[in-house]
Amino acid sequence: MHSPNMKLRIAILALAGLGAAAASIQTEQNEGHGIAQRAAWPNGPFVTDGRWIRDASGVNLTYAGTNWPGHADVMIPEGLQYQSIATIVSKVKSLGMNAIRLTFAIQMVDEIYANSGKDITLEKAFVQALGQANGIKILNQVIAKNPIFNASTTRLQVFDAVAAELTKQQIYIHLDNHISKGMWCCSTDDGNSWWGDKYFNTTNWTRGLAYMADHAKSWPGFVSIGLRNEPREPTTSATSKATYNWQSWYTFMKRGAEAVHTANPAPLIFLSGLSYDTYMTPVVQGTALSPGTEKFSKADFPGYGNKLVIEIHNYETGATSCPNLQNNLYKNGFQALTPSAANMFPVMMTEFGFAMDASTWKGVYASCLATYLPAQKAGWTIWVLAGSYYIRSGKQDYDEDWGLLNHDWSAWRSPGYINGALLGMVKNTLS
Ligand SMILES: *[C@@H]1O[C@H](CO)[C@@H](O)[C@H](O)[C@H]1NC(C)=O
Ligand SMILES: *[C@@H]1O[C@H](CO)[C@@H](O)[C@H](O)[C@H]1NC(C)=O
Ligand SMILES: *[C@@H]1O[C@H](CO)[C@@H](O)[C@H](O)[C@H]1NC(C)=O
Ligand SMILES: *[C@@H]1O[C@H](CO)[C@@H](O)[C@H](O)[C@H]1NC(C)=O
């Protein structure tokens, strides 16, 4: 796996005319007597350069991966009552994927602060989320499948174990602040929709981002973090709704980015747009951030303007025309990959997804994205790895029919999609 990759890197460096020196570092590394530290996976910290993400050697890269939720009621990564962490990560690896978008809730960090800096145990987390009887039952299943854990293992120790396995299997870790209160996301009336909404306290948010960015310093595979998943109009809080605009968005993004960068200057920082992160047009086109007149400028992120990546979500699952869908994506943010953008960025589609049945993947939406994203060399993480959730919207052991995996996370839910499209999409993105 590793050698052809290194050879490809040499070829790219040579083509890019970056000089013999850089190429020889890679060659030495390839021959096993080079500067191991310098070129060791993931060879971060990453930076951005126009539309590309570059590793510490200047080689461009992108992500092809999937979402592994850890932000719901229990606030640990899902699926561990059915499979070991190593089994789940191996499944991701078998697709050739190189990235996981690992989601977390701010509430997890709030509870650490509320508990005098001490993290919550798995026993407490499961009982809190599933009730006494089921909480203990599922906890015991988790421990049976993952004997490194016990009832007093903490939530962050579970994240640490997931991160360690992802690192071992060389899968980039992208942390994503998915929500404030740990629960299924997202709606305009869930209290988590926008800064100032019922559960979405801005101070708790920056504190949580800083805490996780700092904590993840101990994860070698940690390379990036998303400041907030799917900002959206808060329909149940008038005070929060009053700031639902691009001008306030900019204030919050600068605050969040600063919190992350101060805590840990290494990771890339992903920015999500309004309306469930479906568009970033004013940022890309450099137009006024309404209702104000200020425009987006990387100079407003002093010392880390070269860390910013745009993430876009798309769920136009009913699309009937691939050209129309592509036009929408271009207008909504993918223009940032082109020199016509006022502000160029790497762009990642960190969420798209659809029912994992026998045929949906053959439709316009799924097949369009399967060709469009690799053709743009845009990164992506499909929603969602999970075959089921500990609990979702009050229902325990909730079956996820959009999950790549089946209910007990043992096999692909739609082998037709995996073999007919997803494997090729990964390959075409990373080749
Ligand atoms: C790196 O950049 C080159 C163009 O400079 C492009 O052809 C190649 O696909 C990029 N690699 C990745 C992994 O995106
Ligand atoms: C429980 O597991 C954690 C790691 O997950 C470990 O640090 C701790 O020592 C274990 N406790 C017991 C009582 O085995
Ligand atoms: C903020 O965190 C504190 C604990 O430090 C918690 O008591 C409070 O409920 C949190 N605020 C929100 C809105 O969740
Ligand atoms: C947010 O939480 C902080 C403490 O974490 C508190 O001081 C502040 O008043 C809260 N803000 C709102 C709007 O509730």
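Provided above is the structure to which this section pertains.
Each residue is numbered by its place in its chain's sequence as written, counting from 1. Numbering of ligands from 1 and lettering of chains from A proceed in the order in which they are written. Residues qualify for local features only when their pLDDT is at least 70, as the model is predicted, and side-chain atom pairs are given and counted only at 80 or more; totals for whole chains, interfaces and linings, by contrast, use all residues. Only hydrogens and water are set aside when side-chain values are computed; all heavy atoms of the structure are taken into account.

S.K.: What's the story with the overall build of the protein chain in this structure? I'm lost.
M.R.: Helix and strand counts for the protein chain stand at 16 helices and 13 strands. The C-alpha atoms of the protein chain give a radius of gyration of 21 Å, which matches the 22 Å a tight globule of 431 residues would have. Dimensions of the protein chain along its principal axes, counting C-alpha atoms only, are 65 × 55 × 45 Å. Per-residue accessibility, obtained with a 1.4 Å probe over protein chains only, is compared with the maximum for each type, and a residue is labelled buried under 20%, exposed over 50%, and partly exposed between these values. Burial statistics for the protein chain: of 431 residues in total, 55% are counted as buried. Counting contacts in the protein chain only where the partners sit at least 6 residues apart, residues at least 24 apart contribute 74% of the total. Surface accessibility in these figures is a Shrake-Rupley result with a 1.4 Å probe; residues are shielded only by whichever protein chains are displayed. As presented, the protein chain carries roughly 16200 Å² of accessible surface, and 54% of it is formed by carbon and sulfur atoms. Within the protein chain, the 32 negative side-chain charges are centred at a point lying 3 Å from the centre of the 33 positive side-chain charges. Counting from the N terminus, the helices are DSSP H or I runs at least four residues long and the strands are E runs at least two residues long. Taken over C-alpha atoms, the radius of gyration is set against a globule rule of 2.2 Å times the number of residues to the power 0.38. We call two residues contacting when some pair of their heavy atoms lies within 4.5 Å. Charged residues are defined narrowly, with Lys and Arg counted positive, Asp and Glu counted negative, and His plus the chain ends left uncounted. To locate a charge, the coordinates of NZ of Lys, CZ of Arg, CG of Asp or CD of Glu are taken.

S.K.: Which parts of the structure should I look at to understand the state of the cysteines?
M.R.: Disulfide: a covalent bond connecting the sulfur atoms of a pair of cysteines. Pairs of cysteine sulfur atoms within 2.5 Å are identified as disulfides in what follows. Considering all chains together, one arrives at 2 disulfides under this definition. Covalently, Cys-322 is tied to Cys-368 through a disulfide, its sulfur atoms 2.1 Å apart. In this structure the cystine formed by Cys-322 and Cys-368 twists about its S-S bond by roughly 75°; its chirality is therefore right-handed. One end of the pair, Cys-322, is in helix H14 (residues 322-332); the other, Cys-368, is in helix H15 (residues 364-376), with 46 residues separating them in the sequence. The buried category is assigned to Cys-368, whose relative accessible area is 3%. What connects to what in the protein chain, once the bonded cysteines are numbered by sequence position, is 1-2, 3-4.

S.K.: Before we go on, may I ask you to explain the pairing of strand S9 (residues 308-313) in this structure?
M.R.: Sheet faces and side chains relate simply in a regular strand, where the side chains alternate between the two faces. For S9, the buried fraction is high: 6 of the 6 residues fall into the buried class. Of the two faces of S9, both are covered, the one formed by Leu-308, Ile-310 and Ile-312 as well as the one formed by Val-309, Glu-311 and His-313.

S.K.: What should I look at first to understand the sheet that holds strand S10 (residues 347-351) in this one?
M.R.: Neighbouring strands of a sheet are bound in pairs by backbone hydrogen bonds; such pairs are parallel or else antiparallel. The strand order S4-S5-S6-S7-S8-S9-S10-S11 describes a closed barrel built from 8 strands, whose pairing is parallel. Strand-to-strand twist across the sheet, computed as the mean angle between neighbouring axes with direction ignored, equals 25°. Whether two strands pair comes down to DSSP finding at least two bridges between them. Where helices are involved, their axes are fitted lines through C-alpha atoms of the stretch in contact, as for all axes, and angles between N-to-C directions lie from 0 to 180°.

S.K.: What is the right way to look at the nonpolar core in this model?
M.R.: Generally speaking, soluble globular proteins have nonpolar side chains that are buried together. Only buried Ala, Val, Leu, Ile, Met, Phe, Trp, Tyr and Cys residues count toward a nonpolar core, and they belong to the same one when joined by side-chain atoms within 4.5 Å. Among the nonpolar cores identified, the biggest contains 118 residues, and Trp-68, Trp-249, Trp-380 and Tyr-417 are the most heavily contacted of them. Take this core: its biggest share by element is 9 residues, from helix H11 (residues 246-263). Beyond its immediate chain neighbours, meaning those up to four positions away, Tyr-417 contacts Phe-354, Met-356, Trp-361, Ile-382, Leu-404, Leu-422 and Met-425. Among the nonpolar cores identified, the runner-up in size contains 12 residues, and Trp-41, Ala-99, Val-223 and Leu-268 belong to it.

S.K.: Just to check I follow, could you spell out the pattern of salt bridges for this structure?
M.R.: A side chain of one charge can pair with a side chain of the opposite charge when the charged atoms of the two come close. One side-chain nitrogen of Lys or Arg within 4 Å of one carboxyl oxygen of Asp or Glu is enough to make a salt bridge. One pass over the structure, following the stated rule, counts 12 salt bridges. A salt bridge links Asp-176 to Arg-101, with the nearest nitrogen and oxygen atoms 3.1 Å apart. Of this pair, Asp-176 sits in strand S6 (residues 172-179) while Arg-101 sits in strand S5 (residues 99-105); the two residues are 75 residues apart in sequence, bridging distant segments of the chain. Residue class for Arg-101 comes out buried when judged on its relative accessible area of 0%. Between Arg-392 and Glu-400 there is a salt bridge whose closest N-O contact spans 3.1 Å. Of the two residues, Arg-392 and Glu-400, neither departs from the other in class, the shared state being buried. Residues joined in a network through salt bridges with shared partners are Arg-101, Asp-176, Glu-311 and Glu-351.

S.K.: What's the story with the side chain of Ser-414 in this structure? I'm lost.
M.R.: Along the chain, the position of Ser-414 falls in the loop between strand S13 (395-399) and helix H16 (415-430). Setting aside chain neighbours within four positions, we find Ser-414 in contact with Met-356, Asp-357, Trp-361 and Leu-404.

S.K.: Got a minute to help me understand the sheet that holds strand S1 (residues 47-49) in this structure?
M.R.: Pairing within the open sheet is antiparallel, and its 3 strands lie in the order S1-S2-S3. Among the strands making up the open sheet, the edge pair consists of S1 and strand S3 (60-61). Of the strand pairs in this sheet, S1 and strand S2 (residues 52-54) are connected by 3 bridges, and their pairing is antiparallel. Looking at the pairing, Asp-49 lines up with Trp-52 of S2.

S.K.: Is there a simple way to think about the packing of aromatic side chains in this case?
M.R.: Each aromatic ring pair is characterised by the separation of its centres together with the angle its planes make. Only rings of Phe, Tyr and Trp enter the pairing, Trp through its six-membered ring, and a pair is recorded when the two centres are within 6.5 Å. The plane angle decides the type: under 30 degrees is stacked, over 60 is edge-to-face, the rest tilted. In this structure the tally under the stated criterion is 32 aromatic pairs. Here the aromatic rings of Tyr-113 and Tyr-211 are separated by 5.8 Å at their centres, their planes lie at 70°, and the arrangement is edge-to-face. With Tyr-113 in helix H5 (residues 106-114) and Tyr-211 in helix H9 (residues 202-215), this residue pair connects regions lying 98 residues apart in the sequence. Residue classification places Tyr-211 among the partly exposed residues on the basis of a relative accessible area of 24%. Seen from their ring centres, Trp-194 and Trp-195 are 4.8 Å apart, and the 85° between their planes marks the pair as edge-to-face. What makes Trp-195 buried here is its relative accessible area of 2%. Cluster of aromatic residues (ring-pair linked, three or more members): Trp-246, Trp-249, Tyr-250, Tyr-279, Phe-296, Phe-301, Tyr-304 and Phe-345.

S.K.: What am I meant to see in the packing of H9 against H11 here?
M.R.: Pairs of packed helices are described in terms of their axes, by the angle between the two and the distance that separates them. With their axes 8 Å apart at the nearest point, H9 and H11 run at an angle of 30° to one another. It follows from the interaxial angle that H9 and H11 lie roughly parallel. Here H9 runs over H11; the crossing is right-handed. The residues of H11 that touch H9, namely those facing Thr-202, Trp-205, Thr-206, Leu-209, Ala-210, Ala-213 and Asp-214, are Phe-252, Arg-255, Gly-256, Ala-259, Val-260 and Ala-263. Considering only residue class, the contact of H9 with H11 consists of 8 nonpolar, 3 polar and 2 charged. In these notes the angle categories are as follows: under 35 degrees is roughly parallel, over 145 is roughly antiparallel, 65 to 115 is roughly perpendicular, and the rest is oblique. Rotating anticlockwise by less than a right angle from the far helix to the near helix defines a left-handed crossing, while the corresponding clockwise rotation defines a right-handed one. As a working rule, the residues Ala, Val, Leu, Ile, Met, Phe, Trp, Tyr, Cys and Pro are called nonpolar, Asp, Glu, Lys and Arg charged, and the rest polar, with Gly in that last group.

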